[in-house]
Amino acid sequence: MSSQKVNAGKLLEQVNSPEDLKKIKETDLPELCKELRQYIIDIVSVNGGHFGASLGVVELTVALHYVFNTPYDQLVWDVGHQAYGHKILTERRDVFNTNRIYKGISGFPKRSESPYDTFGVGHSSTSISAALGMAVASHYKKEEDRQHIAVIGDGALTAGLAFEALNHAGVEDSNLLVILNDNCMSIDPNVGALKEYLTDIATSRTYNQLRNDIWRLLGPISKFGPNAREIVKKVEKSIKGTLLRKSNFFEALKFRYFGPIDGHDVKHLVKVLKDLQHIPGPKLLHCITVKGKGFALAERDQTKWHAPGLFDKITGEIKKSSVQQPQPPKYQEVFGHTLVELAEKNGKIMGITPAMPSGSSMNILMEAFPDRAFDVGIAEQHAVTFSAGLATQGLVPFCNIYSTFMQRAYDQVIHDVAIQNLKVIFCLDRAGIAGADGATHHGAYDLAYMRCIPNMTVSAPMNEEELRNLMYTAQLEETTGPFVIRYPRGRGVMVDWQKPLKSIPIGKGRKISAGEEVAILSIGHVGNLVMKATEALEQEGIRPAHYDLRFVKPIDEELLHEVFKEFKKVITVEDGCIMGGMGSAVLEFMADHGYQARVHRLGIPDKVVEHGEQAELYEECGYDPASIVKTVKALFAGSTVSKRLIAS
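Residues numbered from 1 in each chain as written. Predicted model: local features only at pLDDT ≥ 70, side-chain atom pairs only at ≥ 80, totals over all residues. Heavy atoms only, no water.

**Quick look at the overall build of the protein chain**
Put simply, the test is: Runs of E in the DSSP output that reach at least two residues are strands. Runs of H or I that reach at least four are helices, and both are numbered from the N terminus. Whether a residue is buried, partly exposed or exposed follows from its accessible area with a 1.4 Å probe, protein chains only, as a fraction of its type maximum: under 20%, in between, or over 50%, in that order. Two residues qualify as a contact provided that any one of their heavy atoms is within 4.5 Å of a heavy atom in the partner residue. Each accessible area value is a Shrake-Rupley result obtained with a 1.4 Å probe; residue values ignore everything except the protein chains displayed when judging cover.
Scanning the protein chain for helices and strands turns up 27 helices and 17 strands. Counting only residues that meet the buried cut, the protein chain has 58% of its 648 residues in that class. Look at the contacts in the protein chain between residues 6 or more apart in sequence, and 78% of them connect residues 24 or more apart. Of the roughly 26,900 Å² that the protein chain leaves accessible, carbon and sulfur atoms contribute 52%.

**Observations concerning the pattern of salt bridges**
Defined as follows: The salt bridge definition used is simple: a Lys or Arg side-chain nitrogen within 4 Å of an Asp or Glu carboxyl oxygen.
Under the criterion given, the structure shown has 28 salt bridges. Measuring nitrogen to oxygen at the nearest pair gives 2.8 Å for the salt bridge that ties R430 to D429. Between E558 and K508 there is a salt bridge whose closest N-O contact spans 2.8 Å. Placement of the pair is E558 in helix α23 (residues 557-566) and K508 in the loop between β11 (483-486) and β12 (510-513), with a sequence separation of 50 residues.

**With respect to the sheet that holds strand β2 (residues 148-153)**
Keep this limit in mind: The rule for pairing is simple: two strands pair if DSSP sees at least two bridges between them. Axes here mean lines fitted to C-alpha atoms, for a helix over just the part in contact, with angles spanning 0 to 180 degrees between N-to-C directions.
Strands sit in the order β1-β2-β3-β5-β4 across an open sheet of 5 strands; the sheet is parallel. Each edge of the open sheet carries a strand with a single partner, namely β1 (74-78) and β4 (256-262). Taken over all neighbouring pairs, the strand axes of this sheet differ in orientation by 15 degrees on average, direction set aside. Inspection of the sheet shows β1 paired to β2 by 5 bridges, in the parallel sense. The residue bridging Q74 from the neighbouring strand is H148, located in β2.

**Comments concerning the packing of aromatic side chains**
Quick reminder of the rule: Geometry of aromatic contacts follows a simple scheme: Phe, Tyr and Trp rings, the Trp one being its six-membered ring, pair when their centres are within 6.5 Å, and the pair is stacked under 30 degrees between planes, edge-to-face over 60, tilted otherwise.
Applying the stated criterion across every chain, the model contains 20 aromatic pairs. Between F163 and F249, the ring centres sit 6.1 Å apart and the planes meet at 80 degrees, which makes this aromatic pair edge-to-face. Placement of F163 in helix α7 (residues 160-172) and of F249 in helix α11 (residues 249-252) is noted, with a sequence separation of 86 residues between them. Among the residues examined, F163 registers a relative accessible area of 27% and is labelled partly exposed. Note on F249 and F250: the rings are 5.2 Å apart at their centroids and 80 degrees apart in plane angle, and the pair reads as edge-to-face.

**Brief notes about the pairing of strand β3 (residues 176-182)**
Rules: Orient the strands so they point away from the viewer, and a crossover whose first-strand-to-second-strand path over the helix runs clockwise is right-handed.
Within β3, 7 of the 7 residues are buried, which leaves the element mostly enclosed by the surrounding structure. The alternating pattern of β3 places L176, V178, L180 and D182 on one face and L177, I179 and N181 on the opposite face, and all of these are buried. Sheet topology places β2 next to β3; 6 bridges connect them, and they run parallel. From the neighbouring strand, V151 faces β3, where its bridge partner is I179. For the handedness criterion, the β-α-β arrangement of β2, α7 and β3 is classed as right-handed. Pairing between β3 and strand β5 (residues 283-288): 6 bridges, direction parallel.

**A closer look at the sheet that holds strand β10 (residues 457-459)**
Across the sheet, which stays open at both edges, the 7 strands sit in the order β7-β6-β8-β9-β11-β10-β15 with mixed pairing between neighbours. With partners counted over all chains shown, the strands left at the sheet margins are β7 (373-375) and β15 (551-553), one partner each. For this sheet the average axis-to-axis angle between neighbouring strands, irrespective of direction, equals 20 degrees. Looking at chain direction, strand β8 (residues 396-402) and strand β9 (residues 425-429) are connected through 5 bridges and run parallel. Looking at the pairing, I401 lines up with L428 of β9.

**A look at the pairing of strand β17 (residues 598-604)**
Bridge analysis of strand β16 (residues 569-577) against β17 gives 6 bridges, and the strand direction is parallel. Of the residues in β17, the one forming a bridge with T572 is R601. In this region the chain leaves β16, passes through helix α24 (residues 582-592) and returns to the parallel neighbour β17; the handedness of that crossover is right-handed.

**Side note on the nonpolar core**
Threshold: Here, the term nonpolar core denotes a set of buried Ala, Val, Leu, Ile, Met, Phe, Trp, Tyr and Cys residues that are joined through side-chain atoms within 4.5 Å.
Of all hydrophobic cores here, the largest spans 77 residues; its most connected members are L64, I128, I179 and L285. The biggest single contributor to this core is helix α2 (residues 29-47), with 9 residues. Among residues more than four places away in sequence, those in contact with I128 are A150, I152, L157, A162, A165, L166, L176 and V178. With 51 residues, the next largest nonpolar core counts V413, L447, M456 and L560 among its residues.

**What about helix α26 (residues 625-636)?**
Basically, it comes down to this: By this rule the span expected of a helix is its residue count minus one, scaled by 1.5 Å.
Taking 1.5 Å per residue, 12 residues should reach 16 Å; α26 reaches 16 Å between its end C-alpha atoms and fits that length. Among the residues of α26, S627, I628, V629, T631, V632, L635 and F636 are the ones counted as buried.

**Some words on the side chain of E574**
Along the chain, E574 turns up in strand β16. Ignoring anything within four residues of it in the chain, the contact list for E574 reads L447, I523, V526, G581, M582, G583, L602, G603, I604 and Y623.

**A word on unusual backbone geometry**
As a rule of thumb, non-glycine residues mostly have phi less than zero, and peptide bonds are mostly trans rather than cis. Along the chain, T70 connects to P71 via a cis peptide bond; the corresponding omega equals 5 degrees. Along the chain, the position of P71 falls in the loop between α4 (58-67) and β1. Residue V79 is reached from D78 by a cis peptide bond, and omega for that bond is 5 degrees. Inspection of the secondary structure assignment puts V79 in the loop between β1 and α5 (84-92). With phi around 70 degrees, E91 is a residue other than glycine that occupies positive phi space. By secondary structure assignment, the location of E91 is in helix α5. Even without being glycine, R100 reaches a positive phi, approximately 70 degrees. Summarising the element assignment, R100 is placed in the loop between α5 and α6 (127-140).

**A few points about the packing of α6 against α7**
Rules: Working definition: roughly parallel below 35 degrees, roughly antiparallel above 145 degrees, roughly perpendicular at 65 to 115 degrees, and oblique for all remaining angles. The sense of a crossing depends on the near helix, which, turned anticlockwise from the far helix by less than a right angle, makes the crossing left-handed and, turned clockwise, makes it right-handed.
Running from N to C, α6 and α7 cross one another at 25 degrees; their axes reach a closest spacing of 8 Å. As judged from the angle between their axes, α6 and α7 are roughly parallel. Between α6 and α7 lies a crossing of left-handed hand. Between α6, through I128, S129, L132 and V136, and α7, the contact on the second element is made entirely by L161, A162, A165, L166, H168, A169 and E172.

**Let's talk about the environment of K291**
So the rule is basically this: The definition of a polar contact used here is a pair of N or O atoms within 3.5 Å, where within protein one atom must be able to donate a hydrogen and the other to accept one, and adjacent residues in sequence count solely through side-chain atom pairs.
Relative to the assigned elements, K291 resides in the loop between β5 and α13 (296-300). Note on K291: relative accessible area 1%, which makes it buried. Taking C-alpha positions, K291 is 9.8 Å from N181, a pair spaced 110 residues apart along the chain. Here the side chain of K291 touches H306 through a polar contact of 2.9 Å, side chain to side chain.

None of the figures reported here should be taken as evidence of function without further support.
So this is what it looks like as structure tokens:
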């Protein structure tokens with residue numbers, strides 16, 4: 001994908017680093033914010049990427065780098081897609097046009113990319129733990145002047161990890177500032193009691209007006225001498241306790257709570273942050289912001305404009321690729337519509353998603369059966385155990401979690417579901433190479449980490465029809481125990497995909513095409529890449545056999561016996577890590593049954609794969625159609641078929 005550069009405004013053009021930023025007059029900061037926001041709009045409109053979240057923290061970003069001595073003062077962003085402005089202000093403005101593009105800069109903070117990126121953040125809710133660790137380390141090293149700031153927003157505070165960190169931070173008495181970027185959103189609107197609680201604080205006019213009046217009455221703290229801070233603390237605590245009976249949550253954890261304040265008033269933010277620099281111990285600043293601020297359409301429809309793709313920045317029209325023929329649906333859409341179809345016939349079916357109703361298409365079930373679908377917030381562990389609880393009562397939960405986020409709930413999968421052999425159907429979206437979101441979002445490991453768990457069925461559909469049939473099979477009364485269905489980001493291969501639902505024998509694969517000399521075993525959507533490769537090879541007279549395993553657990557032993565009895569050269573292809581994945585399962589079978597064959601495994605290698613288009617990363621990892629062709633030809637070299645082709 002090519003990138004387009006745009007010109008920065010007059011003030012922003014002068015700022016390549018926080019050091020440059022500090023030279024800007026404080027009175028010019030609102031204009032600088034306007035230019036920074038426009039620069040993000042200009043770049044994202046032509047190059048794509050996350051949009052609304054970074055627009056919402058422009059003023060906060062400018063104020064933080066204006067006040068604090070970054071990177072010595074350590075700033076952790078959470079979630080990372082808020083950090084576009086941060087990247088632009090920290091020596092990456094001139095390469096920001098390569099954001100999320102293959103070999104370009106990452107869409108998330110990344111330690112290896114810049115010293116200003118103090119912690120890699122693609123998954124949410126890690127900032128307070130990381131910043132606390134940094135603060136404790138600084139205290140141990142006698143770096144008492146060093147500041148540590150965790151900016152947590154876009155729904156990240158709903159995850160248990162954030163609360164664990166708050167609980168710990170309150171007793172460490174470390175130099176930690178937590179900034180709550182409260183925009184009532186993650187990708188979809190925030191849910192739960194915490195959102196209601198924060199809204200209560202933000203909207204209590206009585207509390208906010210009285211607090212402001214008292215601050216004006218007291219005036220500068222210095223007038224009241226050395227006990228002034230204690231006086232103010234007691235007065236403020238009394239106000240909170242009287243007018244906001246629930247507002248002492250953070251202070252109960254021994255945090256000093258400040259706010260809520262307008263997160264779009266950059267001059268006031270600068271003043272507050274300067275004051276907070278001199279207050280020791282753990283502090284929380286509550287900022288109210290608007291996701292998509294400064295772009296009217298993004299403010300109105302925040303879910304749609306979370307990551308809209310390319311768009312016309314003047315009209316707001318989101319650009320769609322022009323195609324003449326009907327296109328296959330996205331796998332997530334097939335999941336959503338099929339789940340409703342199944343739920344109409346099976347009243348036990350329930351749907352669960354951790355803050356991804358639109359991304360997973362669980363919102364389709366939410367609209368059709370609102371009492372049978374649950375968005376539990378960014379809380380994958382809870383999503384799994386909540387699903388397990390439903391299953392104990394005879395319901396059939398479809399727990400849809402992106403493959404990369406399922407990693408966060410691994411203990412719950414084992415302890416709460418598998419050991420109890422509960423019927424929870426895990427639909428792992430974005431499995432395999434995820435594309436431009438990069439290393440933190442690839443679903444590389446699920447085949448490996450799921451197949452080693454007792455009682456688990458692990459499957460992957462090759463196309464949309466197979467996805468529907470696996471979902472149908474998983475919910476049948478006779479199907480017991482936990483059941484994994486993993487599928488990739490993006491479109492399938494079938495335009496006419498709404499076929500009648502059929503049961504698939506569990507643990508049974510299928511032969512896609514017969515062949516000679518070499519057998520290719522695939523699992524999941526990459527089987528379509530194998531089909532493209534075999535079609536190209538047939539043009540040259542080379543005909544490898546192709547098998548779709550469908551299941552990595554239980555694996556189809558009858559099919560594998562057939563393969564190893566007939567073929568001495570085998571290629572395995574998977575959109576997952578080759579360490580412990582499907583190819584490893586095939587090698588285990590071969591060793592256990594005493595077969596001898598040359599097995600070549602293709603998949604995600606044992607390295608961190610960065611960002612890029614899926615096709616670019618398939619090629620880099622060596623399992624795009626061209627690489628499969630190359631591997632087959634290498635195995636055919638010197639074979640009887642090869643000699644026959646040469647002779648002909």
